[in-house]
Each structure stands twice: as structure tokens, then as C-alpha cells.
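Listed below are the residues making up each chain.
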Amino acid sequence: MIKVNFVNEFEFDFKAEKIIKKICKKISKIEQIKGKHYLSIIIVDNNKIHEINKQYRDIDNPTDVISFAMIDGENELPQEMGDIFISYDKIIEQAENYGHSILREFSFLVSHGVHHLLGYDHMTPEDEKVMFEKQENILKLLKIER
């Protein structure tokens, strides 16, 4: 089971913490995660995520989500999984650009970040297909669709 520390200074028109718990519970079940594992989700603005992206990835612009796994490439999932930073500004912007709700975009980015902490990536087309299918499946099961 995945437990979440949620840090948020922004207003959503839905219960963000409740959505995160549902997403993590569904991922835990599908991925057959045993024991208690912890992660943090921190909602920041574009300035902060830009700073993080520049410092840790040497990319000089804001992004939507960045995940920092505590232990990378291990066979066993660590108790402390890591941190996920999500840009509030990108949630709003991308929801509008993609023509879906803020809830949908937020949920997608949460699922995306959690899957990264579980070791999924999208560096190759094959890996991207697997990861994005998993994310979309979670949202479909939770009836959070476009």
C-alpha cells in the first residue's frame, strides 16, 4: 500500500488528497505492492519547478511533473519511494490545451509521477507505450476520463 504526504498551497475545485489516495490505492492493487511504502507529492508553481528542472535535469524551462526516486534501479521497492513535484500552473495550462478537466490533468500527472517512482519510464517508444497504457488504465478504472 502506498501512503502519501501531500503538500499543497493551491486551491483545486476537487478534493485533491482524496483523488491521490484513490490513484495510489488502485496502483498498489494493480502493481501488487506489498507492505507500506511512502511518497510525497508537492504542488509547486512554474517558477519552482523551472528551478528544480534546471538544477537537477539541466533543462532551462518549467515542466509538468518531476519524480525523484529514493533508490533508482533496485529490484525491491524501498519503503521511502521518493518525491513527486507537480506544477499547478502546468495542470491548468495543459487541461485547457488538451480540452479536459483540471481533475483529469492532475490525476494523469499524479499517476505519471507514481509510475516513475515504481521504475517505469518513457525513454523508448516501447517503454512509453507500456507506461502510458498503465496510466490511462488507472484513470479509466477510476472513471476519470477526458
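Before reading further, recall that the structure is shown in the block above.
Residues numbered from 1 in each chain as written. Predicted model: local features only at pLDDT ≥ 70, side-chain atom pairs only at ≥ 80, totals over all residues. Heavy atoms only, no water.

1. Observations concerning the environment of His100
Position of His100 relative to the elements: it lies in the loop between helix 3 (88-98) and helix 4 (102-117). Each C-alpha atom of the pair His100 and Asp127 lies 25 Å from the other, and the pair is 27 residues apart in sequence. Excluding residues that lie within four positions of it along the chain, His100 makes contacts with Gln94, Ala95, Glu105 and Arg146. Within polar-contact distance, the side chain of His100 engages the side chain of Glu105 at 2.8 Å. (Helix = DSSP H or I, 4+ residues; strand = E, 2+ residues; numbered from the N terminus. Contact = heavy atoms within 4.5 Å. Polar contact = N/O pair within 3.5 Å; in protein donor to acceptor, adjacent residues only side chain to side chain.)

2. A look at the sheet that holds strand 2 (residues 37-44)
With respect to topology, four strands assemble into an open sheet ordered 1-2-4-3, the strand pairing being mixed. The sheet is open, and its two edges are formed by strand 1 (2-7) and strand 3 (65-69), each paired on a single side. Adjacent strand axes in the sheet meet at a mean angle of 20 degrees, parallel and antiparallel pairs treated alike. Across seven bridges, the pairing between strand 2 and strand 4 (residues 80-87) is parallel. Paired with Ser40 across the strands is Asp83, a residue of strand 4. Strands in contact with helix 3 are strand 2 and strand 4; relative to strand 4, the strand with the most contacts, it is inclined by about 60 degrees. (Pairing = 2+ DSSP bridges. Axes fitted to C-alpha atoms, helices over the stretch in contact; angles between N-to-C directions.)

3. Digging into the pairing of strand 2
Among the eight residues that make up strand 2, seven are buried, leaving the element largely enclosed by the rest of the structure. By the bridge criterion, six bridges tie strand 1 to strand 2 in an arrangement that is parallel. Following the sheet pairing, Val7 is matched in strand 2 by Ile42. Of the crossover connections in this fold, the one passing from strand 1 over helix 1 (residues 16-30) to the parallel strand 2 is left-handed. (Buried < 20%, exposed > 50% of the residue type's maximum accessible area, 1.4 Å probe, protein only. Right-handed = clockwise from strand over helix to strand, strands pointing away.)

What is shown is where atoms sit, not what they do.
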